[in-house]
Every structure is written in structure tokens, then in C-alpha cells.
Amino acid sequence: MRSPYPTWFYLPAAIIYAVLFLVPTFASFYFSLTRWSLFDFEFIGFDNFVQFFREPALVTGLTNTVIYGVVTSGLKVVLGLLLAVLLTSQVIARGFLRSVVFFPVLVSWIGIGITFQVLMDPFGGFINESLAVIGIEGPGWLTDPSLALLSVALVDVWKGVGLATVIYIAGIVSIPQEFFEAAKVDGASAWQNFWHILLPLARPATTTVIILSLIGGLRSFDLIWAMTRGGPGFTSDVIASVIYKQYQAGFYGLSTAGNVLLFVLVTAIVLPLSRFLNRKEVEL
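Cut-off values and rules
- Residues numbered from 1 in each chain as written.
- Predicted model: local features only at pLDDT ≥ 70, side-chain atom pairs only at ≥ 80, totals over all residues.
- Heavy atoms only, no water.
- 1 Å grid on protein atoms, 1.4 Å probe; cavity = no way out; pocket = protein on both sides within 12 Å on 5 of 7 lines; lining within 4 Å.
- Points joined across faces, edges and corners; volume = space filled by probe spheres on them.
- Helix = DSSP H or I, 4+ residues; strand = E, 2+ residues; numbered from the N terminus.
- Nonpolar A, V, L, I, M, F, W, Y, C, P; charged D, E, K, R; others polar.
- Contact = heavy atoms within 4.5 Å.
- Patch = residues over 30% accessible without salt bridge, like charges linked within 9 Å, V, L, I, M, F, W, Y side chains within 5 Å.
- Areas by Shrake-Rupley, 256 points an atom, 1.4 Å probe, with all protein chains shown as cover.
- Salt bridge = Lys/Arg side-chain N within 4 Å of Asp/Glu carboxyl O.
- Phe/Tyr/Trp six-rings, centres within 6.5 Å; stacked < 30°, edge-to-face > 60°.
- Buried < 20%, exposed > 50% of the residue type's maximum accessible area, 1.4 Å probe, protein only.
- Lys NZ or Arg CZ within 6 Å of the ring centre and 35° of its normal.

Trainee: Explain the layout of surface pockets residue by residue, including any values.
Mentor: Regions of empty space are outlined by a rolling probe, equal in size to a water molecule, passed over the atoms. Its boundaries defined by the atoms lining it, the largest pocket holds a volume of some 760 Å³. Lining the largest pocket are 32 residues, with Gly216, Gly217, Arg219, Ser220 and Phe221 sitting closest to its centre. Looking at the lining of the largest pocket, the elements with two or more residues in it are α1 (11-31), α7 (148-173), α10 (203-218), α11 (222-227), α12 (239-249) and α13 (252-283). It is α7 that provides the largest number of residues to the lining of the largest pocket, a total of 6 residues. Taken together, the residues of the lining of the largest pocket sort by class into 19 nonpolar, 8 polar and 5 charged.

Have a look at this one:
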């Protein structure tokens, strides 16, 4: 189908896109193959990428990025769907509860990170103090290497589940009520309505939530930096925090290579997943 607009009509947007995205992207690919500073650069081929994968801390950051993205996106899908089902029912104060669920989305990541850093303090933090009241010794949420990344991921889910819930609410209310009325006549239970009607017909919302949450999780930086700085040690480092640390240390070429790897990682995961989910959606 031929566009109703002349070709030159797209020129301003194309120029902006090229300047703000294409040029920096190709420049990053080039500088990832160099050892550079603000004043000069030296072409060194793939040495930065070789060094990246030889550094255990950098490989840990890559692994943590995948774990963090999968955990946060998975929990947002499940919790967002359950909250949306609740908030589209006849629950009391439904409008108020929707506002409460969505409110954390409006708060900045840094603000959330600093707040929960205080709340999760193992010595005097509100969460552990509350657990102590009922006789439970709270763990070191952000100081225990085995818990730090998961603790930040749970805070990420708490903040982001509101957006997932709103997307699911939009998907659920768009389902024609005739389906539920016909199921009611046939004597379908609430579980059958959920499994055979709501879940399949809310699939476009599920696809959107998965893709947006996964991209956000793989690119996460500010919350992790505000809460743990990648610590203790390197146990909660992700690629973005590793990149930032390399920039701080003056390894600009290595950090640029990390940026390229992050770009490739997000593309390699999200594009095939998006095509798979959209294909399944068309088949339905």
C-alpha cells in the first residue's frame, strides 16, 4: 500500500533518528574496537571483547544481567496478570487500589533505590526490625552475596508491576463480554473462564508486558547502582554497572565493548522472542 504522504515528509524524522540513534550506534561499534581517550584512539581489533570475557567480574555481570532480566520480567507478568484480574473484578475501592498499585511507577528509580537501601539495612532497617518483632532474624538483604541481586530484583518488580497491571487491565476490559456470558450459560467455573477465555484473549497484553519488562530488566542500572553499587563484591553487578565502573576507571574502549555486548544481548533475546510471541498470537 502506497503511503499518502510524500517522501520528503519523512525527512525530518529520518534525520533526527540518524543523528540520535544510527550515528552513535555505528560509532560505538567502531570505538569498541579501539583503545581510546578523549584526545586520541588506537585501533586494536577485538582485544576489548577478548579481555571482557577473560575477566571473571565482567562475565559475572553478563550472567547476572540475564538472571535479573528473566526474574523481573517473569514476576511482573505473573503478578501483573493476577492484580489485573483482581482490579477488574467487583472488588471494593477498585479505583483507589488501581492508583495505589500504579503509584510506584511514578517515583524515580534513584528515589526508590535510596528508600529501600534504608529499609533493607540489616542493622536497624525497618524490614528487619519488623521481622524481629515477631521473632524472626532478618537476613542481610543487600550485604549477603546470595541475596543482594534477588533483593534488588524484588524492588524492581514492586516498582514496575503497576505498569504491567495497567497493560493487563487494558487487555482484559477489551475482551467482549459475550464470551463470559456464553461461558456462564454453559456453567463454566471462574477457573475455566480464566484459563480458556481471559488468558488466551489477553495474549497481546502478555506479549507487551514480557517484551517491555525484559528490555527494562536487561538494561537496568540506576536501581542496582543506588542500592548496592554492584556489591557486595561483584555479586549484584550487571553489564550496565560494569560498563559504568569501566568508564570511571578510564577503560573507555573496554566499556564501549560492554555497551556493544549489551546491545547484542538485548537484540539477540528480544527480537526472536518478539517474533515467536507475535507468531503464536496470529495463530490464535
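There's more to say after this.
Trainee: Give a detailed account of the side chain of serine 213, specifying residues and quantitative values.
Mentor: Along the polypeptide, serine 213 turns up in helix α10. With sequence-adjacent residues up to four places away left out, serine 213 is seen in contact with Ser73 and Lys76.

Trainee: Tell me what's going on with a nonpolar patch on the surface, and back it up with residues and numbers.
Mentor: A contiguous nonpolar patch, built from Tyr17, Phe21, Leu22, Phe26, Phe29, Phe263 and Val264 and spanning about 650 Å² of accessible area, is present on the exposed surface. Looking at the nonpolar patch, the elements with two or more residues in it are α1 and α13. When residues in the nonpolar patch are grouped by element, the largest group, 5 residues, is from α1. Among the structural elements, phenylalanine 21 can be located in helix α1.

Trainee: How would you sum up the packing of aromatic side chains? Please name residues and give values.
Mentor: According to the stated counting rule, one finds 13 aromatic pairs in the structure shown. Ring geometry for phenylalanine 46 versus phenylalanine 49: centroids 6.1 Å apart, planes at 50°, classification tilted. According to the relative accessible area criterion, phenylalanine 46 is exposed, its value standing at 59%. Members of the aromatic cluster, connected to one another through ring pairs, are Tyr30, Phe31 and Phe43. Sitting over the ring of tryptophan 109, lysine 159 keeps its end group 4.5 Å from the ring centre.

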